[in-house]
Amino acid sequence: MDSLQSFAEGKLAALERLTLKRTLAPTHRVDGVWVERDGRRLISFSCNDYLGLSHHPAVKAAAMAAVETYGAGAGASRLITGDHPLMSELEGRLAALKGTEAACVFGSGYLTNAGVIPTLIGAGDLLIIDELAHSCLWAGARLSGAETVRMRHNDVGHLEELLTARRGAFGRVMVATDGVFSMDGDLAPLDRLSAVCAAHDAWLLSDDAHGIGVLAGGRGSVHVFPGAVVPLQMGTLSKAVGGYGGYLCASRAVIDLIKTRARTFVYSTGLPPASAAAAIAALDIIASDPALCALPLAKARAFTAALSLPAATSAIVPVIIGEAQAALEASLRLRDQGFLVVPIRPPTVPEGTARLRVAFSAAHADEDVARLAAAVRPLMAA
Ligand SMILES: *Cc1c(COP(=O)(O)O)cnc(C)c1O
């Protein structure tokens, strides 16, 4: 057998032994809530489509009209011919929602972090990153070549200690965190983090993938904390916004620098015009309907109240099971009762904290939330 084949097979066998091999399950999302998998209809509590906008008639209509008029793809990088006029309209909407001077749209949230971080810091600089931050912040960290130090989760005192001890030895310093942690649903204390960063001349980057459209009337996690000043606010158009793409909101100068230097922007094809059109329509709904934006958190709170869990702070509620195999079995038992709740296992989450990650949508019926809570209760006791 050749070495490539034996490498792949050996690696897969090892993952299988640890129940860590992941497989795809073709899923037809019928609407914002219902999915079909293996010929079964299930209510999904695993989508990040928090407002059901991926299937909203106005969002779909905007995408379809843009395909008809402008075609299916952007044709080139935005710096060549891929900068469709819809892009600057979308960037204007994002900057307005977030309250920044400017914005830059990327192909995805992952590409945003992989491009922004290495553009702003590099060798000789310091990056401090929350230990539970999303994988793409770590990818950006590696690509930057900056010395990377992990900060204990949401531990502002630890950040203060690290900056006091190490700030002086470095040129530029960035602190990167999720605004809403994707596997735990808790919020970063952005007001206190931003105060410490300001005192030590460190640049705070928050990843609001799960905050936009959901928190603070849809404006996102930074706006939950009065007084928080976050100069680098990135996020995605693929969760509550319902489509695809990523963005950075920042000052005009930072955005101009990113657009001329970030490799994942310069060397990657622009977002399809239809994705921009869909995002514009979705952001219009978000900006005009704060009551809709409040629903995912309200549903999550009803769930945590029913199970006597700590009150939800976002649309995401983790139900920690422990071992990977047990989380898998818990998920199967929920599936038998008509719920899709995908188990999350290491290395996505730390060893021994495999969990059901329950994500709530404005489109979930209150009865379904109550039925899910009743189905989860015996799994927690077990
Ligand atoms: C999903 C996610 C991303 C990646 O966004 P995509 O647009 O899906 O690439 C980035 N950060 C966090 C915290 C996420 O949950």
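Reading the values: the criteria
- Residues numbered from 1 in each chain as written.
- Predicted model: local features only at pLDDT ≥ 70, side-chain atom pairs only at ≥ 80, totals over all residues.
- Heavy atoms only, no water.
- Near = heavy atom within 4 Å.
- Polar contact = N/O pair within 3.5 Å; in protein donor to acceptor, adjacent residues only side chain to side chain.
- Areas by Shrake-Rupley, 256 points an atom, 1.4 Å probe, with all protein chains shown as cover.
- Nonpolar A, V, L, I, M, F, W, Y, C, P; charged D, E, K, R; others polar.
- Domains from an automatic or database assignment.
- Contact = heavy atoms within 4.5 Å.
- Buried area = accessible area lost by both parts, 1.4 Å probe.
- Salt bridge = Lys/Arg side-chain N within 4 Å of Asp/Glu carboxyl O.
- Helix = DSSP H or I, 4+ residues; strand = E, 2+ residues; numbered from the N terminus.
- Axes fitted to C-alpha atoms, helices over the stretch in contact; angles between N-to-C directions.
- Parallel < 35°, antiparallel > 145°, perpendicular 65-115°, else oblique.
- Left-handed = near helix turned anticlockwise from the far one by under 90°.
- Pairing = 2+ DSSP bridges.

Chemist: Help me understand the site of the ligand in this model?
Modeler: Neighbouring the ligand are 14 residues; Gly 109, Asp 207, His 210, Thr 236 and Lys 239 lie closest to it. In the model, an oxygen atom of the ligand is placed 2.6 Å from a nitrogen or oxygen of the Lys 239 side chain. When the ligand sits alone it has 380 Å² of accessible area, and the protein chains cover 87% of it. For the shell around the ligand, a count of residues per class yields three nonpolar, eight polar and three charged.

Chemist: Looking at this structure, how should I read the domain arrangement of the chain?
Modeler: Interface extent is often summarised as the accessible area lost during association of the parts. For the chain, the assigned domains are domain 1 (23-54 + 290-381) and domain 2 (55-288). One C-alpha centre belongs to domain 1, the other to domain 2; they are set 25 Å apart. Taken residue by residue, the interface counts 27 residues in domain 1 and 27 residues in domain 2. Summing the contributions of domain 1 and of domain 2, the shared interface buries around 2000 Å²; its carbon and sulfur component is 63%. Per-residue buried area on domain 1 facing domain 2 is highest for Leu 53, Ser 54 and Cys 293; these three make up 29% of the total on that side. The tally of links between domain 1 and domain 2 comes to one salt bridge. A salt bridge links Asp 184 to Arg 355, with the shortest nitrogen-to-oxygen separation between them at 3.0 Å. Here domain 1 and domain 2 share 12 residue pairs in polar contact (both at pLDDT 80 or more) between them. For the side of domain 1 that touches domain 2, the secondary-structure elements that each account for two or more residues are α12 (290-306), β11 (316-322) and β14 (354-359).

Chemist: Mind showing me how you'd approach the environment of Gly 211 here?
Modeler: Relative to the helices and strands, Gly 211 resides in the loop between β8 (203-207) and β9 (232-236). Expressed as a C-alpha distance, the spacing of Gly 211 and Ser 221, which sit 10 residues apart in the sequence, is 5.1 Å. Apart from the residues lying within four places of it in its own chain, the contact partners of Gly 211 are Val 180, Gly 220 and Ser 221.

Chemist: Which parts of the structure should I look at to understand the packing of helix α4 (residues 85-98) against helix α11 (residues 273-288)?
Modeler: Viewed as axis vectors pointing N to C, α4 and α11 meet at an angle of 30°, and their least axial separation amounts to 9 Å. The angle between α4 and α11 falls in the class roughly parallel. Crossing of α4 against α11: the hand is left-handed. From α4, Leu 86, Met 87, Glu 89, Leu 90, Arg 93, Leu 94 and Leu 97 reach across to α11, where they touch Pro 273, Ala 276, Ala 277, Ala 279, Ile 280, Leu 283, Asp 284 and Ile 286. Each residue belonging to the contact of α4 with α11 can be placed in one class, and the counts come to 12 nonpolar, no polar and three charged.

Chemist: Would you mind going over the sheet that holds strand β4 (residues 102-106) with me for this structure?
Modeler: Pairing within the open sheet is mixed, and its seven strands lie in the order β4-β10-β9-β8-β7-β5-β6. At either margin of the open sheet sits one strand with a lone partner, and together these are β4 and β6 (147-151). Put simply, the sheet's adjacent strands are angled 20° from each other on average, direction ignored. The pairing of strand β7 (residues 173-178) with β8 spans five bridges and is parallel. Counted as the bridge partner of Met 174 is Trp 203 from β8. Along the sheet face, α4 touches β4, β9 and β10 (246-250) and points at about 125° away from the line of β4. Helix-sheet contacts for helix α7 (residues 156-166) involve β5 (126-130), β6 and β7, and the interaxial angle to β6 is about 150°.

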